[in-house]
Amino acid sequence: MREQALKLVKTVREHGFQAYWAGGCVRDLVMQVEPQDYDVATSASPEQVKALFPRAVPIGAQFGVVLVLLDDKPIQVATFRGKPERTNCPLKLDASLRDFTINGLFYDPIEERILDFVGGKQDIRRKVIRAIGDPYARFREDKLRPMRGVRLAARTGFTIEDKTYRAMQEVASGILQVSSERIRDEFVRILTEGQASRGIQLLLEVGILHQVLPEAAAMVGVQQPPQFHPEGDVLTHTLLALQEMRSPSVELAMGTLLHDVGKP
C-alpha cells in the first residue's frame, strides 16, 4: 500500500500538481503505527485526477474526493479544501479545515518530511484530541466529527481537550442530521477497532449514545441481583463484557453490546 501511495504522489507531481500524504496515515506514521490505508491531498481537481489514472472513481463529489485503484490498492485522493486560489499556502488552508490536530498533518514522501500547521505532532506527544481552531465551527462543517473524535480518543487512549469536549456535548444532538449509513460506519469502527468499552463510555458521556442508540443508554442505573452481578448495573456489566473482546466481528461486537438491552 505504501509503495502505491508513493507512486501516486510521484505521478501527480510529474504532471505539475502538488500532492502529499494526509490525515490519519500521517498520524499513524508519527505514532510509529503502520497505516492501514493512505489518503492523498492534492492541488489537482477531481477531473484532473481522473484524467491521470484510468481506475479512478469519484466517491465524494461535493468534497472533491476520488478513489484511485493502483494494483487493486484503493487510495483516496482529495482536492485541497477551501478556496486554494485565494491563498499563497493552500496546504495550510486545507489543514485549518480538517477535524482534529492529530489528523491535520501532511507528509512529503519524496523529501520524507512532515508538514504540521496545526500542532498535531505536539498533541500526539501530549496524547490529546483537540479540534482544529474553533471546535464549534469544525463540528458545524460535519456533524459526524464529534463521534469521530470519540473513536480517535478510544482507539488511541488519548484524552479529549476541555474546549473540544464541551463542544461535543453541546452539539451532540446534531448527530441525527447525519445519514444513518455514516453513523453506522463510525459506530462499527468504535466497536471493532479496539477499546470498545471506552468508546461506548465516551459516547454516553458526551451525549451521543442517547441520540444514536437510546436503548443502550437506558442501561445506565438499571440494577441487577447483587448475588449474580456484584459488578453493578447493566451498563457496567456490558462495558466489562466489551473489554473482553479481541478483534471481534461486527456481529460479535453488536451482540455483546446488546446482549442485555432488554433488561431496562
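Definitions and limits used
Residues numbered from 1 in each chain as written. Predicted model: local features only at pLDDT ≥ 70, side-chain atom pairs only at ≥ 80, totals over all residues. Heavy atoms only, no water. Pairing = 2+ DSSP bridges. Helix = DSSP H or I, 4+ residues; strand = E, 2+ residues; numbered from the N terminus. Buried < 20%, exposed > 50% of the residue type's maximum accessible area, 1.4 Å probe, protein only. Axes fitted to C-alpha atoms, helices over the stretch in contact; angles between N-to-C directions. Parallel < 35°, antiparallel > 145°, perpendicular 65-115°, else oblique. Contact = heavy atoms within 4.5 Å. Nonpolar A, V, L, I, M, F, W, Y, C, P; charged D, E, K, R; others polar.

(A) Focus on the pairing of strand E4 (residues 65-70). Strand direction decides the pairing type here: strand E3 (residues 56-60) and E4, joined by 4 bridges, are antiparallel. Within the sheet, the bridge partner assigned to Pro 58 lies in E4 and is Val 66. With 6 bridges connecting them, E4 and strand E5 (residues 73-79) associate as antiparallel partners. Among the inter-strand pairings, Val 66 is bridged to a residue of E5, identified as Val 77. What sits between E4 and E5 in their antiparallel hairpin is a turn of 2 residues, with Asp 71 showing a positive phi close to 50°.

(B) Region of the structure containing the pairing of strand E1 (residues 19-22). Of the two faces of E1, both are covered, the one formed by Ala 19 and Trp 21 as well as the one formed by Tyr 20 and Ala 22. The pairing of E1 with strand E2 (residues 39-42) spans 4 bridges and is classified as antiparallel. If you follow Trp 21 over to E2, its bridge partner there is Val 40.

(C) Examining helix H10 (residues 196-206) more closely. For H10, the buried fraction is high: 8 of the 11 residues fall into the buried class. The positive-phi residue at the C-terminal boundary of H10 is Gly 207, with phi of around 95°.

(D) Representation of the packing of helix H7 (residues 145-156) against helix H9 (residues 180-192). Interhelical geometry of H7 versus H9 gives an angle of 10° and a closest axis separation of 10 Å. With respect to each other, H7 and H9 are oriented roughly parallel. Touching Met 147, Arg 148, Val 150, Arg 151 and Arg 155 of H7 are Arg 182, Ile 183, Glu 186, Phe 187, Arg 189 and Ile 190, all from H9. Counted by class, the contact of H7 with H9 contains 5 nonpolar, no polar and 6 charged residues.

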